[in-house]
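Here is how the chains run, residue by residue.
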Amino acid sequence: RFHHTSTSHLCSCSKTVSDEKYQDPFQLGRKDLKNLYEDIKKELLVSTAELKEMCDYYFDGKGKAFRPMIVVLMARACNIHHNNSREVQASQRSVAIIAEMIHTASLVHDDVIDDANSRRGKMTVNQIWGERKAVLAGDFILSAASVALARIGNTTIISVLTQVIEDLVRGEFLQLGSKENENERFAHYLEKTFKKTASLIANSCKAVSILGCPDPKVHEIAYQYGKNVGIAFQLIDDVLDFTSCADHLGKPTAADLKLGLATGPVLFACRQFPEMNAMIMRRFSKPGDVERARKYVLQSDGVQQTTYLAQRYCHEATREISKLRPSPEREALIQLTEMVLMRDK
């Protein structure tokens, strides 16, 4: 696990968190996320037993609830910054619920597009119920999220969060295409990463900051924090696809290569092994391509360079959130940037 060793002495983010101020984000966010999955299931009141079963399958309460946790911590940090209020508003908590619903709907659809057979260590919805029903289940979760969003009754919040749904679709289209020009490839990859992963976190953070504080500067801080953490999260995800074992990850490794995707480690490795270019262009479709590409990546500094890049994004997230007034929640959000870099699944 190469990036474990490389993060400890390179990331200077930890300097901002002293031991007595250390806050475990998961502990701190837990009180606002109590009954999160029960509340999501209330939003998904379904007429057919099968649809209910499919929805309950992913909302089993076993997920880390990483996105809702960031959202409630950001809500508190912004509320404290604005008027020292220590309460999360009901509408802010709704944003956390909606974010998790949109995220889960996108996973259901992604698994159909990728023909994936495992997710979080268990079989995917499309494997059990079939592709058609999986697509409909994803649509249903999205529609329930839209109803919950309309209920907040704030047109600004509606437009901020519907942007996420648009970005998810555009990001998926970007992933289906590839750039011939090597110089454009990295920008294409980062844009896809923003749209598919970071937009949800960035815009959910922005939404709760709008609900909690009238200052546009604070909205921008929240958005930039979410964007940078989201991109770093995905970069580390792309590293783990090469460095983690399948059992630990809860899905097969080298999965991206098998899908024909050139992620950060591949694009960096390509600079050292130009013969990978042809493989990228044919999306690793020839027999032996996936194994060869994986070998090249592990021989190159692709994993290390991608980890460095994730550190830079985390550093930027820390710089942004540090502009808010000090609070336990602000410290927890700083701590979270460390956890993103150190995670191994």
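Look up: the structure comes first, before these words.
All figures in this text were calculated on a predicted structure; none of them were measured in a lab.

S.K.: Tell me what's going on with the packing of helix α2 (residues 25-33) against helix α18 (residues 328-342), and back it up with residues and numbers.
M.R.: Remark: α2 packs on α18, axes separated minimally by 9 Å, with the N-to-C direction vectors making an angle of 125°. Judged on the interaxial angle alone, α18 and α2 are oblique. As for how α2 packs across α18, the hand of that crossing is left-handed. On the side of α2, the interface is formed by Pro25, Phe26 and Leu28, while α18 contributes Pro328, Glu329, Ala332, Gln335, Leu336 and Met339. Taken together, the residues of the contact of α2 with α18 sort by class into seven nonpolar, one polar and one charged.

S.K.: Quick one: what's the story with the layout of surface pockets, residue by residue and with numbers?
M.R.: Quantified by volume, the second largest pocket comes out at close to 250 Å³. Along the wall of the second largest pocket there are 14 residues; nearest its centre are His109, Ile113, Leu168, Val169 and Glu172.

S.K.: Please set out empty space enclosed by the protein residue by residue, giving values where relevant.
M.R.: Summed over all chains, the structure comprises one cavity of 30 Å³ or more. Empty space within the largest cavity amounts to approximately 210 Å³. Gly177, Ser178, His188, Leu261 and Ala262 are, among the 16 residues lining the largest cavity, the residues nearest its centre. Where the lining of the largest cavity is concerned, the elements lending two or more residues are α9 (155-176) and α10 (182-212). Of the residues forming the lining of the largest cavity, the biggest block, four residues, is contributed by α10. Residues of the lining of the largest cavity, tallied by class, amount to six nonpolar, six polar and four charged.

Cut-offs and rules
- Here the residue index of a chain counts from 1 through its sequence in written order.
- With the structure being a predicted model, the display of local features is reserved for residues of pLDDT at least 70 and the display and counting of side-chain atom pairs for 80 or more, all residues being used for whole-chain, interface and lining totals.
- Water and hydrogen atoms play no part in the side-chain values, which are based on all heavy atoms of the structure.
- Axis angles are defined between N-to-C directions and span 0 to 180 degrees, where every axis is a line fitted to C-alpha atoms and, for a helix, only to the segment in contact.
- Here a strand is any run of E in DSSP of at least two residues, a helix any run of H or I of at least four, and the numbering for each starts at the N terminus.
- Each angle is binned into one of four classes, with values under 35 degrees roughly parallel, values over 145 roughly antiparallel, values of 65 to 115 roughly perpendicular, and all other values oblique.
- Whether a crossing is left-handed or right-handed is set by the direction in which the near helix is turned from the far one by less than a right angle, anticlockwise for left-handed and clockwise for right-handed.
- Only heavy atoms matter for contacts: two residues are in contact if any of them lie within 4.5 Å across the pair.
- Under the scheme applied, nonpolar residues are Ala, Val, Leu, Ile, Met, Phe, Trp, Tyr, Cys and Pro; charged residues are Asp, Glu, Lys and Arg; polar residues are all the others, including Gly.
- As defined here, a cavity is a set of points on a 1 Å grid over the protein atoms alone where a 1.4 Å probe fits but cannot get out. A pocket is an open set with protein on both sides within 12 Å along at least five of seven lines, and residues line them when an atom is within 4 Å of a point.
- Grid points are joined across faces, edges and corners, and a volume is the space filled by probe spheres set on the points.

That's the geometry; what it means functionally is another story.
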